[in-house]
Amino acid sequence: VLGFALQYRIGQLYMISKHSHEQSDRGEGVEVVQNEPYEDPNHGNGQLTEKRVYLNSKLPSWARAVVPKIFYVTEKAWNYYPYTITEYTCSFLPKFSIHIETKYEDNKGSNDSIFDKEAKDLEREVCFIDIASDEIPERYYKESEDPKYFKSQKTGRGQLKEGWRETHQPIMCSYKLVTVKFEVWGLQTRVEQFVHKVVRDILLIGHRQAFAWVDEWYDMTMDEVREFERATQEATNKKIGIFPPAISISNISMPSSTRSAPSSAPSTPLSTDAPDFLTVPKERPRKKSAPETLTLPDPSK
C-alpha cells in the first residue's frame with residue numbers, strides 16, 4: 001500500500017507539471033509563484049505551492065463580458081499527502097472562492113463517510129468519476145491518453161475495460177470535497193454550476209493523463225520528480241512570458257515557528273484552464289459543494 005501511495009503521489013506531481021506546461025502559452029497559462037516546504041502543527045510536514053492561472057480567453061462569453069482583459073486566479077495549495085487543501089481566489093472578485101479538500105485512500109471509492117466530519121452541515125451532491133468510462137469534451141480527447149486503449153509497457157497496467165474497478169490492482173481513490181462561493185446577485189448559481197463542471201473536467205482529464213503517462217514517471221524517485229517539477233515550472237513561466245527568480249523546490253521542512261498553517265488541510269494543486277463555455281441546463285439544481293470520488297486531474301485546448 002505504501003509503495004503504491006508513493007507511486008500515485010509521484011504520478012500526480014509529474015502530471016500536474018507536464019499538463020500545466022502543455023496548456024500554457026504566451027500571456028496565458030500557469031505561473032508558479034512559490035513552491036516550498038511548509039510545516040503545520042496539526043498535519044506535519046508538507047509543501048506549499050502558490051500559482052497564478054491566467055485564462056481570460058478560456059472563459060465563457062458571458063464571463064468575459066464582466067471581467068477585466070487581464071486577470072488571474074490565485075491557487076494556493078498545502079499538500080500534506082495523503083491530505084491536501086487547495087484554495088482559489090480571483091484577482092478582482094473578493095466574493096469569489098473555491099475550497100477543495102482532498103483525501104486519498106487505497107480503495108475503489110467505497111468510503112461514503114470520508115467527509116462526514118468536514119461537511120456535516122453542508123448540502124452536498126456526490127459525483128463519481130471514472131477515468132475509463134466517463135466522457136470528456138471532444139476537444140480534449142487523445143486516443144493515446146484513453147485508458148480503455150492504453151497499455152503500460154513497464155507495469156502491464158491497462159487496458160481499463162468495463163468493470164475495471166472490480167478487477168484491477170493496485171487501485172487508489174482520490175476523494176475531493178469542493179465548495180464554491182460567489183456572492184454576486186444574478187450570477188451566483190450560474191458561476192457556481194460552471195465552476196463545478198470545470199473542476200470535474202479538470203480532475204477527469206488530469207487523472208486520465210497521469211494513468212496514460214505512467215511509463216514516463218514510473219521509475220522516478222521523489223527527488224527526481226521534484227527536479228522535473230522545478231525545471232518544468234521554470235520553463236512554463238518563461239513560456240507564458242513571466243521571468244521570476246529561479247523557483248526553489250525542496251522536501252526539507254521549514255521551522256513551524258516561521259509560518260502559520262491554515263486551520264484545515266489543503267488539496268493537491270489542480271492545474272489550469274477552465275474549458276470554453278459550458279451551457280448549464282436551467283433546471284439543474286444549484287450545488288453548494290460536491291465531494292468528488294476519482295482516480296486522478298485537468299484540461300485545456
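In this report, we go over the structure that sits alongside the text. No experiment lies behind these values; they were computed from the predicted model shown.

With 18 residues, helix H6 (residues 222–239) should reach 26 Å at 1.5 Å per residue; the first-to-last C-alpha distance of 25 Å fits that figure. Taken residue by residue, H6 has Met222, Val225, Arg226, Glu229, Thr232, Gln233, Thr236 and Asn237 as its buried positions. Buried residues of H6 fall within an arc of 135 degrees about the axis and therefore sit on the same side. Remark: Gly241 follows H6 within two positions and exhibits a positive phi of approximately 90 degrees.

Mapped onto the elements of the fold, Glu101 is located in strand E5 (residues 96–105). Here Glu101 occupies a buried position and makes no salt bridge, while the nearest side chain of opposite charge, Lys103, is found at 6.1 Å. Here the side chain of Glu101 touches Tyr83 through a polar contact of 2.3 Å, side chain to side chain.

Right, let's talk about the packing of aromatic side chains for a bit. Evaluation of the coordinates by the stated rule reveals 7 aromatic pairs. Judged by centre distance (5.8 Å) and plane angle (80 degrees), the ring pair of Phe150 and Phe211 falls under edge-to-face. A residue pair is termed long-range when its members are at least 10 positions apart, and Phe150 in the loop between strand E6 (127–128) and helix H3 (164–167) and Phe211 in helix H4 (residues 188–212) qualify at 61 residues. For Phe150, a relative accessible area of 13% translates into the label buried. Within the aromatic cluster, the residues linked to one another by ring pairs are Tyr8, Tyr81 and Tyr104. The cationic tip of Lys18 hangs over the ring face of Trp213; the distance from NZ or CZ to the ring centre is 4.2 Å.

Glancing now at H4. Under the 1.5 Å per step criterion, the end-to-end length of H4 is 36 Å for 25 residues, consistent within 8% with the ideal 36 Å. A large share of H4 lies buried, amounting to 21 of its 25 residues.

Within the secondary structure layout, Lys239 lies in helix H6. Spatially, the C-alpha atoms of Lys239 and Glu31 are 9.4 Å apart, while their sequence positions differ by 208 residues.

In terms of nonpolar packing, the biggest core is built from 24 residues, with Phe96, Ile98, Ile100, Val178, Val195 and Val199 touching the most fellow members. Within the residue set of this core, elements represented by two or more residues are strand E4 (83–90), E5, strand E7 (173–182) and H4. At 9 residues, the largest contribution of residues to this core is made by H4. Membership of the second largest hydrophobic core comes to 20 residues, among which are Tyr14, Met15, Trp164 and Trp213.

Opposite charge on two side chains allows them to pair when their charged atoms are near. What the rule picks out here adds up to 11 salt bridges. The closest approach of N and O atoms between Lys197 and Asp201, which form a salt bridge, is 2.7 Å. Here Asp201 and Lys197 lie together in helix H4, a separation of 4 residues that amounts to about one turn. Residue classification places Asp201 among the buried residues on the basis of a relative accessible area of 2%. The salt bridge involving Arg230 is made with Glu227; its shortest N-O contact spans 2.5 Å. Of the two residues, Arg230 and Glu227 both sit in helix H6, 3 residues apart, roughly one turn of that helix. Each of Asp146, Lys148 and Arg208 takes part in a single network of salt bridges with overlapping partners.

Conventions we followed
Residues numbered from 1 in each chain as written. Predicted model: local features only at pLDDT ≥ 70, side-chain atom pairs only at ≥ 80, totals over all residues. Heavy atoms only, no water. Helix = DSSP H or I, 4+ residues; strand = E, 2+ residues; numbered from the N terminus. Expected span 1.5 Å × (residues − 1). Buried < 20%, exposed > 50% of the residue type's maximum accessible area, 1.4 Å probe, protein only. Arc of directions from axis to C-beta. Lys, Arg positive; Asp, Glu negative; His and termini not counted. Salt bridge = Lys/Arg side-chain N within 4 Å of Asp/Glu carboxyl O. Polar contact = N/O pair within 3.5 Å; in protein donor to acceptor, adjacent residues only side chain to side chain. Phe/Tyr/Trp six-rings, centres within 6.5 Å; stacked < 30°, edge-to-face > 60°. Lys NZ or Arg CZ within 6 Å of the ring centre and 35° of its normal. Core = buried A, V, L, I, M, F, W, Y, C linked by side-chain atoms within 4.5 Å.

That is the geometry; function is a separate question.
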